[in-house]
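Chains, contacts and geometry: an overview
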Amino acid sequence: MTKFSHFIDLHRWKSQRRSLAARGMAMVLAGGLCLGAICPLSLHAMEDPSVNSVVSTVQKDQATQITKDAWIHPLPKEVDGIVSESGRLQEDFAFQTESSIRQWPVLRDLRQQVTDFALTGNRALCRLSLYFKDPSTSELRRFAGSGFIVGKSSVLTSAHCLYDHEDHLGWVERIVLEVPNRDGTYSTYDSQIENVDVVIPEGYGLSADSALDLGMIRLNSPIGTWHGLLEASTDVHQGDTLLNAGYPKDLATPTQRPLYAASGPALDISQGEIAVGIYSSGGSSGSPFINLEGQAVGVLSYGAFLSGDGRQRASMGPCFNSQWIEWLSTNGDIGSPVYRAYNPNSGEHVYTMSFGELVVLVQAGWRDEGLAWYSAQDEGKPVYRVYNPNAGDHHYTTSAAEVSHLESLGWKGEGPCWRVGSEDRTVYRLYNPNACTGTHHFTRNASEAAALQAAGWRSEGTLQ
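Residues numbered from 1 in each chain as written. Predicted model: local features only at pLDDT ≥ 70, side-chain atom pairs only at ≥ 80, totals over all residues. Heavy atoms only, no water.

**Focus on the overall build of the protein**
Helices and strands together make up the secondary structure of the protein, namely nine helices and 30 strands. For the protein, the proportion of its 464 residues judged to be buried stands at 56%. As displayed, the protein has an accessible area near 19,000 Å², and 49% of this comes from carbon and sulfur atoms. (Helix = DSSP H or I, 4+ residues; strand = E, 2+ residues; numbered from the N terminus. Buried < 20%, exposed > 50% of the residue type's maximum accessible area, 1.4 Å probe, protein only. Areas by Shrake-Rupley, 256 points an atom, 1.4 Å probe, with all protein chains shown as cover.)

And the structure:
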């Protein structure tokens, strides 16, 4: 049985017609592989006179805070207007003509209803009702979406579920978020009662770029503690089997919109987006792509159709990389990420909680290998980093005695690097007796640890 048993549904269809056209409809695809590399993807806007009118419009709303990489908007407590039903914010889909999409098979609808909410992962999957005010009629238009809990009080969804470009509706006015309980009932969190704000990347606010179609809902209730959460991760490769789970509107009954899930292969990862061979439909926008470890590695935002036959070939959306993890950590409460970088010349891996250090290393020729893990909180055991100035090597240990010994041999102590908790997933420590640099390696991946031991590395236990 796969680890998908921990989960099982969210999506809302949209066409990113403007952004696809701006990128020459070249988003599919060069055949890439992503472990979370820093991509040439900006979460904030370049200086461009053409966006000044957009910024000015947003700045007129005094409630909206604009940072260098995010727009943050608190939702009002009172929203007036007659409610009308809408299936999705956009009434069309992303049609593409690239030869690469032609090789992907036409998708079959293999979605299955999820009913087991004893599993923690399933209880992190949220059903969203989204209310936007039509400026021409003052009518409240209600749309269906999906989301998932990633922190104590943070929920991820698609940015287009929070800010509408297509119909010029702007910010969502009200969000009703429903989260499953163990017994299959749902707890409701309403922005007219809760203190809620929403966050989108500045780049999406300015351009509606589909690669930036990721948004965050921040509540004042610790729903991650009460229900459960999905860990955001960069551990995804082309060819991996992924799960998508959300609340599609086409499978709703007159009285409810149940959770559905399906699995399929990661067909392509490039230009900051992931294409997955999973059938999806309106209402599922904002639902997670989940790897075999039960971690969220991306967000479903829209479906890709071949223009020749109009049949769906993929579900697509932003793919998590180091830049996204840093954005989530800065704007939400997902934890403190520890990044991993690799030096192809020396074979050394460096682990750091500093995104700035990661960027400097990548600029110097290191490879960004994405998120290694999250640091434990203050009660965790400190992991010290020491540096050998002669060999140019780093080492990591929880032993203060080992640090003192290495310092006596000329190594330089660099202080605590991160913390590891007793209840954290195991971090394996391995030693390469044949190497001069990069002699130690640390990983949470048991398969990677086993592969290194088979290649001659020696196990030195765990950091715990």
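The rest of the description comes next.
**As for the nonpolar core**
Counting 79 residues, the largest nonpolar core has Phe148, Ile175, Leu177, Ile217, Phe320 and Trp418 as its most contacted members. At five residues, the largest contribution of residues to this core is made by strand β6 (residues 125–133). Beyond its immediate sequence surroundings of up to four residues, Ile175 is in contact with Leu75, Ser129, Leu130, Leu162, Tyr189, Asp190, Ser191, Val198 and Ile217. If you look at the next biggest cluster of nonpolar residues, it comprises twelve residues, including Val236, Ile269, Phe289 and Cys319. (Core = buried A, V, L, I, M, F, W, Y, C linked by side-chain atoms within 4.5 Å. Contact = heavy atoms within 4.5 Å.)

**Considering the sheet that holds strand β22 (residues 336–342)**
Taken in spatial order, the three strands line up as β23-β22-β24 in an open sheet, and their pairing is antiparallel. The sheet terminates laterally at β23 (349–352) and β24 (367–375), the two strands that pair on one side only. Averaged over all neighbouring strand pairs, the angle between strand axes comes to 25 degrees, with direction disregarded. Summarising the sheet, β22 and β24 pair through six bridges and their orientation is antiparallel. When the sheet's bridge partners are listed, Ser336 is paired in β24 with Ser375. (Pairing = 2+ DSSP bridges. Axes fitted to C-alpha atoms, helices over the stretch in contact; angles between N-to-C directions.)

**Observations concerning the layout of surface pockets**
Of the volumes computed, that of the largest pocket is approximately 710 Å³. As for the largest pocket, its lining consists of 30 residues, of which Leu229, Glu231, Tyr374, Asp424 and Arg444 are closest to the centre. Counting residues per element, the ones that place at least two in the lining of the largest pocket are β24 and β27 (412–420). (1 Å grid on protein atoms, 1.4 Å probe; cavity = no way out; pocket = protein on both sides within 12 Å on 5 of 7 lines; lining within 4 Å. Points joined across faces, edges and corners; volume = space filled by probe spheres on them.)

**Notes on the confidence of the model for the protein**
For residues with low pLDDT, the predicted coordinates do not support detailed interpretation. Predicted confidence across the protein gives a mean pLDDT of 84, with 83% of residues reaching 70 or more. This model gives residues 1–40 a pLDDT under 50, and the stretch forms 195 contacts once residues within four places in sequence are excluded. Taken as a whole, residues 44–60 scores under 50 in pLDDT and shows 17 contacts with residues more than four places along the chain or in a different chain. (pLDDT = per-residue confidence, 0-100.)

**Examining the side chain of Asp164**
Along the polypeptide, Asp164 turns up in strand β9 (residues 163–164). Reaching out from Asp164, the side chain makes a polar contact with the backbone nitrogen of Glu166 at a distance of 3.4 Å. From its side chain, Asp164 meets the backbone nitrogen of Asp167 in a polar contact 2.9 Å long. (Polar contact = N/O pair within 3.5 Å; in protein donor to acceptor, adjacent residues only side chain to side chain.)

**What about the sheet that holds β27?**
Here three strands make up an open sheet; going across it, the order is β26-β25-β27 and the pairing antiparallel. Both edges of this open sheet fall to β26 (393–397) and β27, since each of them pairs with a single strand only. On average, adjacent strands in this sheet sit at an angle of 25 degrees to one another, irrespective of strand direction. Direction of pairing for strand β25 (residues 381–388) relative to β26: antiparallel, over a ladder of five bridges. Bridge pairing in β26 links Tyr384 to Thr397.

**Here we look at the environment of Cys161**
Tracing the sequence through the fold places Cys161 in the loop between β8 (154–157) and β9. According to the relative accessible area criterion, Cys161 is buried, its value standing at 0%. As for Cys161 and Ser129, which are separated by 32 residues in sequence, their C-alpha atoms are 9.5 Å apart.

**Here's the deal with the environment of Tyr342**
Positionally, Tyr342 belongs in strand β22. The sequence separation of Tyr342 and Glu369 amounts to 27 residues, and the corresponding C-alpha distance is 6.9 Å. Those residues within four positions of Tyr342 in sequence are excluded, and the remaining contacts are Gly347, Glu348, His349, Trp366, Arg367 and Glu369.

**Describing helix α9 (residues 446–454)**
Backbone nitrogen of Ser447 and a side-chain oxygen of the N-cap are separated by 2.8 Å at the start of α9; the cap is Asn445. Immediately beyond the C-terminal end of α9, within one or two residues, lies Gly456, with a positive phi of roughly 110 degrees.

**Observations concerning the side chain of Ser285**
Structurally, Ser285 can be placed in the loop between β17 (273–276) and β18 (288–290). Separated by 3.1 Å, the side chain of Ser285 and the backbone oxygen of Ser301 make a polar contact.

**Comments concerning the pairing of strand β20 (residues 302–306)**
For β20, the tally of buried residues reaches five of five residues, placing the bulk of the element in the interior. Where β20 and strand β21 (residues 312–318) come together, four bridges link them in antiparallel fashion. Opposite Phe305, over in β21, you have Gln312 as the bridge partner. Remark: five residues form the turn of the hairpin made by β20 and β21, two consecutive strands paired antiparallel; Gly310 in that turn has positive phi of roughly 70 degrees.

**Observations concerning the packing of aromatic side chains**
A complete count under the given rule lists 15 aromatic pairs for this structure. An angle of 85 degrees between the planes, with centres 5.6 Å apart, marks the rings of Tyr396 and Phe442 as edge-to-face. Residue Tyr396 is found in strand β26, and its partner Phe442 is found in strand β29 (residues 440–443); the two are separated by 46 residues along the sequence. According to the relative accessible area criterion, Tyr396 is buried, its value standing at 1%. A cation over a ring is seen here: Arg127 above Tyr186, with NZ or CZ 4.0 Å from the ring centre. (Phe/Tyr/Trp six-rings, centres within 6.5 Å; stacked < 30°, edge-to-face > 60°. Lys NZ or Arg CZ within 6 Å of the ring centre and 35° of its normal.)

**Regarding the environment of Trp226**
Position of Trp226 among the secondary structure elements: in helix α5 (residues 223–227). With 102 residues separating them along the chain, Trp226 and Ala124 place their C-alpha atoms 9.7 Å apart. Ignoring sequence-local partners within four residues, the contact set of Trp226 consists of Tyr189 and Ser221.

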